[in-house]
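If you want the building blocks of each chain, they are given just below.
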Amino acid sequence: MDEIADRVFQADDVSIAAGSSSTLQAFDESPSSLSLIIDINPLQWFRLKDQIDLKDLSRSICIYLNCHLSLNSSNKVNVLVANNFSDGEENGGSKILFPSIHTKTDEHGSSFGNSQGKNLVNPNMYRQFRFVDEIFLEELHSILQKEPTELNIKNFKNTLSGALSISLSYINKLNLSNDGLLKSRILIISVTDDDSLPYISTMNCIFAAQKMKVPIDVLKLDKKDGVNNSIFLQQATDATNGIFQKITHPKGLVQYLSTSFLIDSNLRSILILPTNFKIDFRSSCFLTKKIIDIGYVCSVCLCILSLIPKNHRCPVCDSKFDDKVIEKLLKKPVVGVSNTNGKKKRKINSVM
Amino acid sequence: MATVFGAALVKDKSGMLTIHEEYSPPKLVWKSIDSSINVPIIEIPLDRITNLQATKPSSAKMMLNVITKENETAAPKKNVFAFTHRPTMDNIKGALQQIVARKKTSIQAAQQSISEGGSNTATPSGAPGTPQAQLQQQQAQQQQQQQIVVDDEFLSNLLDSKRLLKNHALQQKVLIENKQLMSTFQEAVMNNGLDPTEFWNTRIHLLRSYAIQHNQRKGPYNVLSTIKPVASSDNQVDVSVTREKIHAIFEQYPIVRKAYDDNVPKLSEGDFWSRFFSSKLFRKLRGEKNYNKVRGDIILDKYLYYDPDFTDDIQGDEDEIGKNKKQKTNEHIDKFIDVFANEEDVSAKYGNAPDMTMRYDKDQDMVSILRDMNRLSKNMLSNATKDKDETLEEEEHEKEDQLAFSDLEEKETTEYNELKVNSNLNIAANLLEKNGAKIDKLQYSKFISNMKSYFDEELDLAETYESEESKKQILEASKEISAAVKLNSKQSRQSWQISKLQGLDSMQMLSSSASSASSSTNITAANNSGNNGAFPTPNSPPIPNASSGSQQDEIIPDFPVPLLENLRLTHSTSIEFLRHFWLHFSSGSKHQVGTLQKLYNSLQKSHQRVDAILKQIEDNPKLCMKAKEVMGPLINSLDKAIQKYEAELYKQANNDNTPNNGLTHKSENNNSSSLNTSFVKTTT
Ligand SMILES: [Zn+2]
């Protein structure tokens, strides 16, 4: 037991006086912070409407948040949405729901209930839970009100990487004010395939989380026959010792949340995590955004390409590619027939 | 070291017993105190001792019986000494024991050095000091240096890729040491006709690192630290020294050579070494802290006070050594680093006090050991890099460098290359373009409107589990999670076993965290609706055990070992071919056509081998499925490569104005039929 406890703390760089009882105590009592990112892409929710809706999800999330808060009185939560539309102004984009910037009430909550004065959850609920749940629901509600009902929106994008950035910033702020004693983790409830994400930003978030030792967990809601396409998110969980689960029983969501996704980051090194997906390590082409298994890599910025750009310059860092190398790369394979001048592009370098 | 002596009675006559170690062999001498009585002096050369007996500590009598033999055949002779004081007796007994032990050791050492030195010479490195020996030594050094040059040339030759490819002996060695590589080699090269040069071409790094590894020369090392005298049960000190080690000792410790030169004609070779290994000198040179606490050796320990850097330049007679000692103290020390000078100018009271090496008056022994170690390191380094003589300027420069406070200098800042990242590329793709088209716009609008009223009424959290459907799915979810954990635990069995060793059952941890989680959910739910017993917890905490992959386990037990081995071999061989295939396919060189075609055939055979294995286990669907799963990526890779090749072939054949040309060309190959069938495959 001692060894394990020590190992955990070594891994987490927490300096706590050695000795089993004190480490275990600290281990038990160290509070943790949970950042929850909810993907509210209406297109996907529309597709999933027969299995689960945002209301079902919100119920389970309330229970989940309450669970987390009940484990330690100093535990913190932080809820964000990744919204898909943006009017370029206040509306849309990624937003923090809790802690809210709008609700100006104190923690003893004189203004429970939504704007109409109704209760959003059972008013008999434990005050701390109710405070969090109501603000979360209230904010979510107000964001949904702004959702355009028409489909013809110009900017309709996956803003998950933005939400990830915000939540990492939030965690960073928490760490600064808690001397690093607060362990944080992120759970992304995702419904959208992530091949539409901006590669650089997303990878930066993953590396930042890795460096901050913040596990990123992913709960992917998909149609039963849905082809899972969450390459970034799978890589994110893999890189950060997080959990990736594709949910096949949406009505049993609360079970996933209250078991798999309640594993504290302190316990990651001890437990066998219930990730139920084989991680796909492939990458997408920077130009075509298509997932590729064989491609070209810029030797300067490591961007990945499925084809050689016409101007022989890296599209990301604008480095000029060596003509000789390009010439070599453009050589076509010579097979069977010896006098050939076939026009075929050739592949190099496995990216995997 | 003081001479050991003590009062002892011989036949009731009191006298003084003395051990004279300065003689070789050492002597035990007893003289009567009372000169008036004519009692003969007893002299026992200690190499004659065969046995030593003493009365037990518990006994009142204190007698020491020294049994000697004149020669091998003579009858043993007893010499009994009686003592009045036990510590005196013990002291003498101890000294005798050590000398006897040393004697035995020296016999062994002499024998050893004779056997190792061969017929050439029994003394290590000739007789150092004599002109002849010096000549020999110089020659040896020259030889050594030549050897280094040769080695360097040899190495650079060795590391040349072409030569590596031709070095079959080396390749054989690499194969013998790497079993896995050997089996790949056997499969791919010997059984399936891959060109061995091809095989090694992709593995030059292996050959190179092997060549480097096995041609590294050993640098000098502190030879004395590798010599560890072991006290054996019969009071004997076992030391084994090889000729090389003796040579190294002389090189690293000139003082030992000096001692050797001074004494060896007098002492026997073996005796010298056995004395040396029990001397304080040996312990001090080795860097032992408490060298002064051992008995030591009276002859060799006087060298303790000699200048350890004693070299051949100064001819070894006692007076000159004394002079040299004086010279040493008069030596000019740079004021800047002179610790004694520091004492005259103490800027802070305890400036150097915490650092024992910087104190002039503390624990001289310790400091002198440190100095010895430093000196040794310096010697070793200067031996290792005997490069060109430094010019005066360089020397001056080095001195300046030594005196500079490098830590106070400004740090160089790292320079970075600015990357101008094109941010236009880092934008999210529009989701509507991809997904929006197929969506019924009217229904969508309805859906959004409905969504806006989700939270108009109070949210009942109990709904998450109350319906029959929810209960069912929660149970399913719990099973699914357990299954995932089980599967992952099997896949990481190693880490699993580690955690098990540490006495922690991780599954129990998970299930306890799970149950505590669901109980806290219960509280919330109860608060909400007063309903208890809400969530089905996993039936019983499943405890995955490496051996109990039974029960209702969805995971197929491990493959039978032969099958697994078979799969592994097929896999590694196929990968081998794939590697070469892509290498040549990508080279775009006309000269590769033949090789490429061979490789293509090999890939097809690889594919057939995989298929054959899968066919073998067809009757076991579970196993077959699992095997298909593990071989899946390989099958994909093979398919991809084959497909690419065929597509290219087809294309080039079609581009050709005379397609028949290509076919005739191919028909020369005995595999034309398989090629033709593949054409059909790709065209349909
Ligand atoms: Zn680049």
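Basis of the calculations
- Residues numbered from 1 in each chain as written.
- Chains lettered and ligands numbered in written order.
- Predicted model: local features only at pLDDT ≥ 70, side-chain atom pairs only at ≥ 80, totals over all residues.
- Heavy atoms only, no water.
- Helix = DSSP H or I, 4+ residues; strand = E, 2+ residues; numbered from the N terminus.
- Buried < 20%, exposed > 50% of the residue type's maximum accessible area, 1.4 Å probe, protein only.
- Contact = heavy atoms within 4.5 Å.
- Areas by Shrake-Rupley, 256 points an atom, 1.4 Å probe, with all protein chains shown as cover.
- Donors = N, O, S within 2.8 Å, 3.2 Å for Na, K, Ca; no water.
- Tetrahedral: all angles 85-135°; square planar, octahedral: opposite > 155°, others 65-115°.
- Pairing = 2+ DSSP bridges.
- Axes fitted to C-alpha atoms, helices over the stretch in contact; angles between N-to-C directions.
- Salt bridge = Lys/Arg side-chain N within 4 Å of Asp/Glu carboxyl O.
- Phe/Tyr/Trp six-rings, centres within 6.5 Å; stacked < 30°, edge-to-face > 60°.
- Lys NZ or Arg CZ within 6 Å of the ring centre and 35° of its normal.
- Core = buried A, V, L, I, M, F, W, Y, C linked by side-chain atoms within 4.5 Å.
- Parallel < 35°, antiparallel > 145°, perpendicular 65-115°, else oblique.
- Left-handed = near helix turned anticlockwise from the far one by under 90°.
- Nonpolar A, V, L, I, M, F, W, Y, C, P; charged D, E, K, R; others polar.
- Patch = residues over 30% accessible without salt bridge, like charges linked within 9 Å, V, L, I, M, F, W, Y side chains within 5 Å.
- pLDDT = per-residue confidence, 0-100.

1. Description of the overall build of chain B
On a plain count of helices and strands, chain B comes out with 26 helices and 9 strands. Buried residues in chain B amount to 37% of all 684 residues. Contacts in chain B between residues at least 24 apart in sequence constitute 60% of all its contacts with a sequence separation of at least 6. Element-wise, carbon and sulfur atoms account for 52% of the exposed surface of chain B, whose accessible area totals about 41,400 Å².

2. A closer look at the overall build of chain A
Counting its secondary structure elements, chain A contains 10 helices and 10 strands. Here chain A holds 352 residues, and 59% of them are scored as buried. A separation of at least 24 residues holds for 67% of the contacts in chain A among residues at least 6 apart in sequence. For chain A, the accessible area works out to roughly 14,800 Å², and carbon and sulfur atoms hold 51% of it.

3. Some remarks on the coordination of the zinc ion
Residues and elements named next belong to chain A. Distances from the zinc ion to its protein donors, namely C298 (SG), C301 (SG), C314 (SG) and C317 (SG), fall within the range 2.2 to 2.4 Å. Its 4 donor atoms give the zinc ion angles of 101 to 115° at the centre, a pattern that matches the tetrahedral case. Summarised as a motif, the one-chain spacing of the donors to the zinc ion is C-x2-C-x12-C-x2-C. Judged by relative accessible area, C298 falls into the buried class, the value being 1%. The exposure class assigned to C301 is partly exposed, which follows from its relative accessible area of 22%.

4. Looking at the environment of D194(A)
All names here are of chain A. Counting through the fold element by element, D194 comes out in the loop between β4 (183-190) and α7 (199-212). Once the C-alpha coordinates of D194 and T159 are considered, the two residues, 35 residues apart in sequence, prove to be 10.0 Å apart. Not counting residues up to four positions away in its chain, the partners in contact with D194 are N158, N229, S230, I231, F232 and L233.

5. So, the sheet that holds strand β6 (residues 244-247) of chain A
All names here are of chain A. Ordered in space as β3-β2-β1-β4-β5-β6, the 6 strands form an open sheet in which the pairing is mixed. Each edge of the open sheet is held by one strand with a lone partner, namely β3 (92-98) and β6. Ignoring strand direction, the axes of neighbouring strands in this sheet form an average angle of 15°. Where strand β1 (residues 32-39) meets strand β2 (residues 76-86), 7 bridges bridge the pair, whose relative direction is parallel. Bridge assignment links I37 to a residue of β2, and that residue is L80. The strands that helix α4 (residues 54-71) touches are β1, β2, β4 and β5 (216-221); relative to β1, the one it contacts most, it runs at about 170°. Contacts between helix α8 (residues 231-240) and the sheet are confined to β4, β5 and β6, with β5 contributing the most and set at about 150° to the helix.

6. Here we look at the pattern of salt bridges
Under the criterion given, the structure shown has 16 salt bridges over all chains. Across the pair D217(A) and R268(A) runs a salt bridge, and its minimum N-O distance is 2.7 Å. Linking D217(A) in strand β5 with R268(A) in the loop between α9 (253-258) and β7 (283-284), this pair joins segments that are 51 residues apart in sequence. Considered together, D217(A) and R268(A) belong to a single accessibility category, that of buried residues. Across the pair K284(B) and D372(B) runs a salt bridge whose closest N-O atoms are separated by 3.5 Å. Of the two residues, K284(B) is situated in helix α11 (residues 280-286) and D372(B) in helix α14 (residues 364-384); the sequence distance between them amounts to 88 residues.

7. Let's talk about the packing of aromatic side chains
Tallied over the full model, the rule gives 24 aromatic pairs over all chains. Through a chain of ring-to-ring contacts, three or more aromatic side chains come together here, namely F250(B), Y260(B), F272(B), W273(B), F276(B), F277(B) and F282(B). Here the basic side chain of K49(A) rests over the ring of F46(A), its NZ or CZ set 4.3 Å away from the ring centre. We note R203(B) situated over the ring of F199(B); from NZ or CZ to the ring centre the distance is 4.2 Å.

8. Some details on the nonpolar core
When a protein is soluble and globular, its nonpolar side chains tend to lie buried together. Core analysis: the largest hydrophobic core is formed by 71 residues, its most contacted members being F136(A), L219(A) and L221(A). Non-local contacts of L221(A), meaning those with residues more than four positions away in its chain, are made with W45(A), L48(A), I52(A), L57(A), I189(A), S190(A), V191(A), I247(A), P250(A) and L253(A). Grouped together as the second largest cluster of nonpolar side chains are 42 residues, L175(B), L563(B), L634(B) and I642(B) included.

9. Some thoughts on the packing of helix α22 (residues 561-587) of chain B against helix α24 (residues 621-655) of chain B
Residues and elements named next belong to chain B. As a packed pair, α22 and α24 sit with axes 11 Å apart at the nearest point and diverge in direction by 20°. Of the possible angle classes, the one that applies to α22 and α24 is roughly parallel. For the pair α22 and α24, the sense of crossing is left-handed. Across from L563, L567, H571, S574, I575, L578, F581, W582 and F585 in α22, the residues of α24 making contact are L623, A627, V630, M631, L634, S637, L638, K640, A641, K644, Y645 and E648. Taken together, the residues of the contact of α22 with α24 break down into 15 nonpolar, 3 polar and 3 charged.

10. A look at a nonpolar patch on the surface
Where nonpolar side chains cluster on the molecular surface, the patch consists of I333(B), F336(B), I337(B), F405(B) and L408(B) and spans about 560 Å² of accessible area. Note that I337(B) resides in the loop between α12 (318-330) and α13 (339-344).

11. Describing the pairing of strand β2 (residues 13-20) of chain B
All names here are of chain B. Where strand β1 (residues 4-10) meets β2, 7 bridges bridge the pair, whose relative direction is antiparallel. The residue of β2 that forms the bridge with A8 is G15. Joining the antiparallel neighbours β1 and β2 is a turn of 2 residues, in which K11 adopts a positive phi near 50°. Across 6 bridges, β2 lies against strand β3 (residues 27-32) in antiparallel orientation. Paired with I19 across the bridge in β3 is L28.

12. Some details on the confidence of the model for chain A
Residue and element names in this part refer to chain A. Of all residues in chain A, 78% have pLDDT values of 70 or greater, and the mean over the chain is 78. Averaged pLDDT values over the elements of chain A bottom out at 34 in helix α1 (residues 2-12) and peak at 94 in β1. Of the regions scoring below 50 in pLDDT, residues 1-26 engages in 33 contacts with residues more than four places distant in sequence or in other chains. The low-confidence segment residues 338-352, where pLDDT is below 50, has 38 contacts with residues more than four positions distant or belonging to other chains.

13. Focus on the packing of helix α5 (residues 179-191) of chain B against α22(B)
Residues and elements named next belong to chain B. α22 packs onto α5 with a crossing angle of 65° between their chain directions and a minimal axis gap of 9 Å. It follows from the interaxial angle that α5 and α22 lie roughly perpendicular. For the crossing formed where α5 meets α22, the hand is right-handed. Contacts between α5 and α22 pair S183, T184, E187 and A188 from the former with L569, S572, T573, E576 and F577 from the latter.

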